[in-house]
Amino acid sequence: MANFRTHLSIAAAGSLTATAVALQAAPLTQMEALLLFLLGLHAGLLPDIDSDHSIPTRLLFTIFSFATAIAVVFLCYAELSLLPLILLALLAALSVRFILFPLFAATTEHRGLFHSVPAALLSGMALFFAGDRLFGWQTEFAWLAAVFVSGGYLLHLLLDEIYSVNFIGVTVKGSFGTALTLFSRRSWLCYLLLYAAVAIAVWMAPPPTQLLTL
Ligand SMILES: [Zn+2]
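Residues numbered from 1 in each chain as written. Predicted model: local features only at pLDDT ≥ 70, side-chain atom pairs only at ≥ 80, totals over all residues. Heavy atoms only, no water.

(A) Local environment of the environment of Ser95. Examined against the element boundaries, Ser95 turns out to sit in helix α4 (residues 82-107). A sequence separation of 27 residues divides Ser95 from Thr68, and the C-alpha atoms of the two residues are 9.6 Å apart. (Helix = DSSP H or I, 4+ residues; strand = E, 2+ residues; numbered from the N terminus.)

What follows is the structure, encoded as C-alpha cells:
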C-alpha cells in the first residue's frame, strides 16, 4: 500500500484539480471551494482510518479532532458565548481523539470493509446527509461535496491498489485486490448491508434540482 505521505500528496493534487474544475463549472464562493478542497483531501486519507495504532492513523484522528473543533466553532458561534464555545469545541475534539479512535481501533480490521468501493460511496452519502440536514447546504452543493468525498476516497483505494501490484508485488485477492474491493465473499453480509445502506441513502436523497454544468 502507498504510504501516508504519498496519499497526502496525491489527495492534495487530486482535490486541488477537482476544485479548479468545480470553480470553473459551478458558481462557488471561495469558502465553498476551500471546503470542497479540504473534504477531498481528508477523504483521500480516510480509508486508512482502519490501520490501528499506526502513526498516520493517530495523525489522522488528531487532524479529525481539530477539524471537528473547527466545525463546532463554525456551527455554534452564533448561539454560544466565547467560553462555552471553546469548551464545547474542546470536548468535541477530545471525544474524537479519545473515544471515537479507540472504538475504531477495536472494531476495524485493516484493509477490511473500509478499503472497499461501497464504503467510498457510503462516505459520500453520509457527507451529503450531514450537509443537507445538519449544515443546511443547498442540495447541489451537498451533492458536489459528496462527489468530492467519494472521489477522494476512491483515489486512495486506487493508489493502494497500484502500489500493491507494482511495487510490493503482493498477490491480489479477487478481481480488484485488497483495496478497491467491490465484494468479498468472506464478509458477504457486511457488504450486502453496505450496498443496501448506499441504495437507501441514494433513494432518500433529494436529486439536484439544477444540473451542474460539470
Ligand atoms: Zn489504504
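(B) Spatial organisation of the coordination of the zinc ion. Only Asp48 (OD), His115 (NE2), His156 (NE2) and Asp160 (OD) from the protein coordinate the zinc ion, and they sit 2.0 to 2.2 Å from it. Coordination at the zinc ion is irregular: its 4 donor atoms span angles of 88 to 167° at the metal. Sequence spacing among the residues donating to the zinc ion works out to D-x66-H-x40-H-x3-D. With His156 and Asp160 both in helix α6 (residues 139-166), this residue pair falls 4 residues apart, about one helical turn. According to the relative accessible area criterion, Asp160 is buried, its value standing at 0%. (Donors = N, O, S within 2.8 Å, 3.2 Å for Na, K, Ca; no water. Tetrahedral: all angles 85-135°; square planar, octahedral: opposite > 155°, others 65-115°. Buried < 20%, exposed > 50% of the residue type's maximum accessible area, 1.4 Å probe, protein only.)

(C) Representation of the packing of helix α5 (residues 117-134) against helix α7 (residues 188-204) in the model. Where α5 contacts α7, the two axes come as close as 9 Å, and the packing angle between them is 35°. Note that α5 runs across α7; the crossing there is left-handed. Contacts from Pro118, Ala119, Leu121, Leu122, Met125, Phe129 and Arg133 in α5 reach Tyr191, Leu194, Tyr195, Ala197, Val198, Ala201, Val202 and Met204 in α7. (Axes fitted to C-alpha atoms, helices over the stretch in contact; angles between N-to-C directions. Left-handed = near helix turned anticlockwise from the far one by under 90°. Contact = heavy atoms within 4.5 Å.)

(D) Broad picture of the packing of aromatic side chains. Under the defined criterion, the tally for this structure stands at 4 aromatic pairs. Ring plane angle 90° and centroid distance 5.3 Å describe the contact between Phe128 and Phe129, whose orientation is recorded as edge-to-face. Note on accessibility: Phe128 and Phe129 belong to one class, buried. Ring centres 4.5 Å apart and planes at 40° place the aromatic pair Phe128 and Trp143 in the tilted group. Here Trp143 lies in helix α6 and Phe128 lies in helix α5, a separation of 15 residues in the sequence. Like Phe128, the residue Trp143 is buried in the burial classification. Through a chain of ring-to-ring contacts, three or more aromatic side chains come together here, namely Phe128, Phe129 and Trp143. (Phe/Tyr/Trp six-rings, centres within 6.5 Å; stacked < 30°, edge-to-face > 60°.)

(E) Here's a closer look at the side chain of Asp48. Topologically, Asp48 is positioned in the loop between α2 (30-43) and α3 (55-76). Polar side-chain contacts of Asp48 include one of 3.0 Å to the side chain of His115. (Polar contact = N/O pair within 3.5 Å; in protein donor to acceptor, adjacent residues only side chain to side chain.)

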